[in-house]
Amino acid sequence: MAASGRHVGHYIHRNGRFLRVNLDHLWANRSFGWTSALQQQAPEVNKDSSESIVIPRKKTWSKTAVLEALASTVKRDPTAHPYQFQDDPYLAPRTSAEFRLFSLSQESGRSAAKFFVNNNPKFFTKDFAEPHIPCLMPESVTLRLEEVSEEALKERISLRKVTAAVDMYDQLLQAGMAVSMETSHDLLDLVCLYCDKDPEQEEGPQGETGEEAKGRRGRMRRDFPKTLWKENNNAERIFNLLPERDTRCYSALIRGMVKHGAPAKAFSLYTDLLNNRLTGDVHLFNALILAAPELREKYTEKWDLISELLNQMSQQKVQPDLLTFNSVLKALRRCGYVAKTKALPTLSEMKAMGISPSLATYDHILAAFFKSASSGTSNIDILLEVLSELEGRSFTCQDPDDVLFFSSAMRVCLDGKDLELGYKVQTLVEVGDNWRLLGDSFQQSIYYGRFFHLLCMMENIDVVLEWYRKIIPSLYYPNPQGMRDLLQALDTDSRLDMLPTIWKDIKSLGHDNKSELVEELLALMAREKHSPEVQESFAECALNVKSVCDGRPGTEWSASSLSYITTLLLRANKTQEAWEVLLVFKAKNRIPSEELLNSFLSACHTTRDSRIAVELVQLSSAFCLPITSALASRALAEFNLTEEQRAVLSELEVAVESSD
């Protein structure tokens, strides 16, 4: 049996080797000529195989590749303050107001340092940074060319010296020297951009003025011009002095007029351009479209003017871009009911031309269909379609209004009380670097404030607290209304045992000086009885509230707040501390309620403290309260009193009855 197996194995081995040799020979001579597709591919394969493959000796990485790789391994710490404040823990902001103040202070210091570096470049000649960081090196801010020449004019234009550039241009004309068309274009762009004024230079500490801060809070959408276009200013004078005026000259002047509040003059100049048989450019039409609603009263007339401009773009063969369609949609926001009928066709036309919408596009779409205090299902449906289209995409800023989309979308979710849609908006924010498009700290605070308010209204308290720990304080500093929303959410889900913890956060966020918020916290703790452990923590919290408020000068206690604190202390059997609070009523001329005095007397009976009971009746008598006689009678009946105490109470009882 073993011998036969050995012979079989030898036979298979010998024939298998023969079969392999023949298959290799057949494969080498095999032709793929029986199919036309393979016949076409064969020469390409041979051609590619004949080319040499160059293997790079090393991989070329960017200079920040290692830093980017390390940064990708680190996640945001939800318990930490924003990174920009971590260098100085003392300046870690607690509130949105402090965040803005410290941010401005930091930027002011940076501006002061930059001003010193730029004005003293001789002290900063060495470059230690690797790779080179241009913003850390001195910039040329002083004029070096004093002779009258076109190069000197270019230098003043590059340094944004508007007045100096205009003076140099006048000197060139007086000297009979010609200025190139390109330099004239740059000069017109500069003068029109800054409305014939020198831009504000970074000269040390600066901050927002009261007017600017008021405008920032009150203005979310519209951009009001800081300076108004003046008649026959230097821009118009230079334009009229030009020997030849082309489209770019008209475009610069028209855009300056629109930017600085002179739309009627802009359209008049556009008519002059057409009379000179010139065509506009896309930037010119974008500015005119934005200004069109200012020249008409009726909504339909405004849209007719916008349509006419679009038709003229087509006739002049000017290709629209993203900002063109965004300008149309932004102008539609001032066209009332017409916006709903024209917004979606404009978006369809935009996509048909192969132009991808930006976040500002969808923000304008939402504004066309959304009105405050009238959140219908149509608004939710529009936002749902928008989010379905944007899902999973990462965006870069292409329009200044891109930063307004997320706060607008969250407002629609909040007004419609649609939590699921709110989560979709937040998910989109977390994709890639979309969080950068939330805007500045003010816009970011608005977005997260709306999101947190929606969570407090609609979500389970455990999820609310999870988000609370996730976004505060690293992303959002809640205002008093935000903390009030959290208190209401805790009340709704019967989690009042967490109120002492929330009080610590209220202190750390700097809201312990908001009397209404503090009183609401005390009212929730004192509304009903809880377990002894919870009552003990409430009493400690109430004492801490009193000590914090007493330590602040000018604190005005209300009768209700003092009543809540006294009640909480009585429930925790802290009679002596409660009596000290009751004395504050007399010191602050506040009158305690009859219910509180009865509860206090009952607590004294529980602790068998006759001394405080007698003093309580005397305090009631000092306030001339009608309940004094009843309190005196209860004290005489329920307490073991000395003869002296009985005499005092009897006298008070008789005195009140006689006065009645």
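Cut-offs and rules
- Residues numbered from 1 in each chain as written.
- Predicted model: local features only at pLDDT ≥ 70, side-chain atom pairs only at ≥ 80, totals over all residues.
- Heavy atoms only, no water.
- UniProt positions renumbered as here; feature names shortened; annotations may be inferred.
- Helix = DSSP H or I, 4+ residues; strand = E, 2+ residues; numbered from the N terminus.
- Buried < 20%, exposed > 50% of the residue type's maximum accessible area, 1.4 Å probe, protein only.
- Contact = heavy atoms within 4.5 Å.
- Areas by Shrake-Rupley, 256 points an atom, 1.4 Å probe, with all protein chains shown as cover.
- Phe/Tyr/Trp six-rings, centres within 6.5 Å; stacked < 30°, edge-to-face > 60°.
- Patch = residues over 30% accessible without salt bridge, like charges linked within 9 Å, V, L, I, M, F, W, Y side chains within 5 Å.
- Salt bridge = Lys/Arg side-chain N within 4 Å of Asp/Glu carboxyl O.
- Lys, Arg positive; Asp, Glu negative; His and termini not counted.
- Polar contact = N/O pair within 3.5 Å; in protein donor to acceptor, adjacent residues only side chain to side chain.
- Axes fitted to C-alpha atoms, helices over the stretch in contact; angles between N-to-C directions.
- Parallel < 35°, antiparallel > 145°, perpendicular 65-115°, else oblique.
- Left-handed = near helix turned anticlockwise from the far one by under 90°.
- 1 Å grid on protein atoms, 1.4 Å probe; cavity = no way out; pocket = protein on both sides within 12 Å on 5 of 7 lines; lining within 4 Å.
- Points joined across faces, edges and corners; volume = space filled by probe spheres on them.
- Core = buried A, V, L, I, M, F, W, Y, C linked by side-chain atoms within 4.5 Å.
- Nonpolar A, V, L, I, M, F, W, Y, C, P; charged D, E, K, R; others polar.
- Expected span 1.5 Å × (residues − 1).
- Charge placed at Lys NZ, Arg CZ, Asp CG, Glu CD.

For the protein, the name recorded in an unreviewed UniProt entry is Small ribosomal subunit protein mS39, with Oryzias melastigma as its organism. Turning to the protein, the UniProt annotation filed under Subcellular location (unreviewed entry) states: "Mitochondrion".

### Quick notes on the overall build of the protein
Helix and strand counts for the protein come out as 31 helices and zero strands. Within the protein, buried positions represent 39% of all 660 residues. In the protein, of all internal contacts separated by at least 6 residues, the share reaching a separation of at least 24 is 67%. Accessible surface, the protein as shown: approximately 38,000 Å² in total, 53% of it carbon and sulfur.

### Remarks on the packing of aromatic side chains
Scanning all chains against the criterion turns up 13 aromatic pairs. Each ring, one from Tyr-299 and one from Tyr-337, has its centre 5.8 Å from the other, and the planes form 75°; the classification is edge-to-face. Of this pair, Tyr-299 sits in helix H13 (residues 299-315) while Tyr-337 sits in the loop between helix H14 (322-332) and helix H15 (338-352), and the two are 38 residues apart along the sequence. Given a relative accessible area of 57%, Tyr-337 falls into the exposed group. Taken together, a centroid distance of 5.0 Å and an interplanar angle of 85° make the contact between Phe-451 and Trp-467 edge-to-face. A residue pair is termed long-range when its members are at least 10 positions apart, and Phe-451 in helix H20 (residues 441-458) and Trp-467 in helix H21 (residues 461-471) qualify at 16 residues. Given the relative accessible area of 0%, Phe-451 is considered buried. By relative accessible area, Trp-467 is classed as buried at 11%. An aromatic cluster of three or more residues is present, and its members are Phe-405, Phe-406, Tyr-447 and Tyr-448.

### Focus: the UniProt feature "repeat: PPR" (unreviewed entry) in the protein
With numbering matched to this structure, UniProt assigns "repeat: PPR" (unreviewed entry) to residues 321-357. Annotated as 70% helix and 0% strand, the span residues 321-357 places its first and last C-alpha atoms 10 Å apart.

### Things to note about unusual backbone geometry
The residue after Ile-472, namely Pro-473, is reached through a cis peptide bond having omega 5°. Its location among the elements puts Pro-473 in the loop between H21 and helix H22 (480-492). A positive phi angle is found at Cys-195, which is not glycine, with a value near 55°. Locating Cys-195 in the fold gives a position in the loop between helix H7 (181-193) and helix H8 (210-218).

### Looking at a nonpolar patch on the surface
A contiguous nonpolar surface patch, about 320 Å² in accessible area, is contributed by Val-66, Leu-67 and Leu-70. Assignment of secondary structure puts Val-66 in helix H3 (residues 65-72).

### Focus: the side chain of Asp-399
Along the polypeptide, Asp-399 turns up in the loop between helix H17 (377-390) and helix H18 (405-416). Despite its burial, Asp-399 pairs with no opposite charge; the closest candidate is Lys-330, at 6.2 Å N-O. Side-chain polar atoms of Asp-399 contact the backbone nitrogen of Asp-401, separated by 2.8 Å. Filtering out sequence-adjacent residues up to four positions away, Asp-399 remains in contact with Leu-323, Asn-326, Ser-358 and Ala-360.

### A closer look at the packing of helix H5 (residues 150-158) against helix H6 (residues 162-174)
Between H5 and H6, the least distance of the axes is 8 Å, while the angle of their chain directions is 165°. Judged on the interaxial angle alone, H6 and H5 are roughly antiparallel. Note on packing geometry: the crossing formed by H5 with H6 is left-handed. Of H6, the residues touching H5 (which contributes Glu-150, Ala-152, Leu-153, Arg-156 and Ile-157) are Ala-164, Ala-165, Met-168, Tyr-169 and Leu-172.

### Brief notes about the layout of surface pockets
Its boundaries defined by the atoms lining it, the second largest pocket holds a volume of some 1,600 Å³. In terms of lining residues, the second largest pocket is bounded by 46 residues, among which Gln-444, Tyr-448, Ser-474, Leu-475 and Tyr-476 are the most central. Listing elements by their share of the lining of the second largest pocket, those giving two or more residues are helix H4 (96-119), H8, helix H19 (419-429), H20, H21 and H22. At ten residues, H20 tops the list of elements feeding residues into the lining of the second largest pocket.

### Side note on the pattern of salt bridges
Inspection of every chain in the model, using the stated rule, returns 27 salt bridges. Put simply, Lys-265 and Glu-231 hold a salt bridge, and the shortest N to O gap is 3.4 Å. With Lys-265 in helix H11 (residues 263-275) and Glu-231 in the loop between H8 and helix H9 (234-241), this residue pair connects regions lying 34 residues apart in the sequence. Of the charged contacts, one joins Lys-574 and Glu-540 as a salt bridge, the two residues approaching to 3.5 Å between their closest N and O atoms. Pair noted here: Lys-574 is in the loop between helix H26 (559-571) and helix H27 (575-587) and Glu-540 is in helix H25 (residues 532-550), with a separation of 34 residues, a long-range link. Classification of Glu-540 by relative accessible area gives partly exposed; the value is 40%.

### Examining the nonpolar core
If you look at the biggest cluster of nonpolar residues, it comprises 170 residues, and the most contacted ones within it are Phe-405 and Phe-406. Apart from the residues lying within four places of it in its own chain, the contact partners of Phe-406 are Leu-359, Val-425, Leu-428, Val-429, Asn-434, Leu-437, Leu-438 and Tyr-447.

### Quick word on the packing of helix H12 (residues 282-291) against H13
Between H12 and H13, the shortest axis-to-axis distance is 10 Å and the interhelical angle comes to 170°. For the element pair H12 / H13, the angle class is roughly antiparallel. Contacts between H12 and H13 involve Val-282, Phe-285, Leu-288 and Ile-289 from the former and Ile-306, Leu-309, Leu-310, Gln-312 and Met-313 from the latter. Residue composition of the contact of H12 with H13, by class: eight nonpolar, one polar and no charged.

### Digging into H20
Compared with the 26 Å implied by 1.5 Å per residue over 18 residues, the 26 Å span of H20 between its first and last C-alpha is a close match. Every buried residue of H20 is listed here: Gln-443, Gln-444, Ile-446, Tyr-447, Tyr-448, Gly-449, Phe-451, Phe-452, Leu-454, Leu-455 and Cys-456. Looking at the buried positions of H20, the neighbouring elements they touch are H18, H19, H21 and H22.

### Description of the side chain of Lys-574
Lys-574 gets classed as buried once you look at its relative accessible area, which sits at 15%. Within polar-contact distance, the side chain of Lys-574 engages the side chain of Glu-536 at 3.2 Å. Contact partners of Lys-574, with chain neighbours within four places excluded, come to Glu-536, Ala-539, Glu-540, Leu-543 and Leu-569.

### As for a negative patch on the surface
Negative charge collects at one region of the surface, where Glu-297, Glu-301, Asp-304 and Glu-308 lie side by side. Looking at where Glu-308 falls in the secondary structure, it is placed in helix H13. Judged by relative accessible area, Glu-308 falls into the partly exposed class, the value being 43%.

### Things to note about the environment of Val-328
Turning to its location among the elements, Val-328 is positioned in helix H14. Along the sequence, Val-328 and Trp-303 sit 25 residues apart, while their C-alpha atoms lie 9.2 Å from each other. Leave out the neighbours within four places in its chain, and Val-328 touches Ile-289, Trp-303, Ile-306, Leu-310 and Thr-346.

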